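Residues per chain are reported as follows:
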Amino acid sequence: MASTLSELTNKSITLLTCDGRLITGILLGYDQLQNLILKNSYEKVYSMDAPMEKVELGLFVVRGDNVAVISEVTATSTNGDREEEDEDVRAEPIPPIVQNVT
Amino acid sequence: ITLQLFFSFFKTLVGKEIAVELKNDVVLTGTLHSVDQYLNIKLTNVSVVNENRYPQLTALKNCFIRGSVVRYVQINPSDVDTELLQDATRKENSSEITAATTSSSVEVKS
């Protein structure tokens, strides 16, 4: 019943961070706090004014506090065709996670 | 004292369709695959409600959602025995050490 990230290790994942960023990379490791290590990672930046921009990040460590959603990237969503479609996507930024509003 | 009640409750919903609303207003629907003690949720067969607003998320299929970012979990009423849940929460609240901390009256059913 344990909901762990073990099934996702060494797989390509897309991470939605608490500030609304989308980071894709290969999950090398994680811990109970959802601190993550990603390899070959890049950020996908979407905006309304320009096509999707990829920002290379390389080897990345993400602190668990900043993790919102982790999703597996399936082969069909990263093959040549889909990738091209994705580049033309225009979107509003994803809102940040709001916590502890006083 | 960890609250296992909702963890146990979510375990009964594994396999059911739920909608998870996150604190960033994104709503994801899918099948509950698993849950853990922190109420982290794993959903399979995910779809984003209002996909036009968030086209960046169309590729999401299975996701792991960190418990701390969940605002609401929407459940089909037919999947829940609300009477049982109310009873369980009442029992949980009466057995916790709330006597010293609560100022309002606590109804204890024996």
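Our subject is the structure listed above.
As the structure is a prediction and not an experimental result, all values here were calculated from the model. Position labels on residues start from 1 in each chain and follow its written sequence. Ligands are numbered from 1 and chains lettered from A, in the order in which they are written. Since the coordinates come from a predicted model, pLDDT governs what is reported: local features require at least 70, and pairs of side-chain atoms require 80 or more to be given and counted, while whole-chain, interface and lining totals use all residues. Values reported for side chains reflect all heavy atoms of the structure, with hydrogen atoms and water molecules removed beforehand.

1. Quick look at the pairing of strand 2 (residues 27-35) of chain B
Residues and elements named next belong to chain B.
Then comes step 1: Working definition: with a 1.4 Å probe on protein chains only, accessible area under 20% of the residue-type maximum means buried, over 50% means exposed, and in between means partly exposed. Put simply, DSSP H or I for four residues or longer makes a helix, DSSP E for two residues or longer makes a strand, and each gets a number counted from the N terminus. Of all the 9 residues making up strand 2, 7 are buried; the element is thus mostly covered by neighbouring parts of the structure.
Then comes step 2: For two strands to pair, DSSP has to find at least two bridges joining them. Where strand 1 (residues 17-22) and strand 2 come together, 5 bridges link them in antiparallel fashion. Residue Glu 17 lies in a different strand from strand 2, and its bridge partner there is Thr 31.
Then comes step 3: As paired strands, strand 2 and strand 3 (residues 41-48) are joined by 6 bridges and run antiparallel to one another. Looking across to strand 3, one finds that Leu 32 is bridged to Leu 43.
Then comes step 4: Linking strand 2 to strand 3, which pair antiparallel, is a turn of 5 residues; within it Leu 39 sits at a positive phi near 60°.

2. Structural notes on the nonpolar core
Then comes step 1: Take the buried Ala, Val, Leu, Ile, Met, Phe, Trp, Tyr and Cys residues and link them wherever side-chain atoms come within 4.5 Å; each set so joined is a nonpolar core. Counting residues in each nonpolar core, the largest one holds 34 residues, and the members touching the most others are B:Leu22, B:Leu28 and B:Ile65.
Then comes step 2: Every element with two or more residues in this core is listed here: strand 5 (67-72) of chain A together with helix 1 (5-11), strand 1, strand 2, strand 3 and strand 4 (63-65) of chain B.
Then comes step 3: Examining the composition of this core, we find that 4 residues originate from one element, strand 3 of chain B, more than from any other.
Then comes step 4: In this structure, B:Leu28 is in contact with A:Val69, B:Ile18, B:Ala19, B:Val20, B:Leu22, B:Leu43, B:Val46, B:Ser47, B:Val48, B:Leu60, B:Cys63 and B:Ile65, ignoring residues within four places of it in sequence.
Then comes step 5: A:Leu5, A:Leu8, A:Val62 and B:Phe64 belong to the second largest nonpolar core, which has 12 residues in total. Any two residues whose heavy atoms approach within 4.5 Å are treated as being in contact.

None of this, on its own, says anything about what the molecule does.
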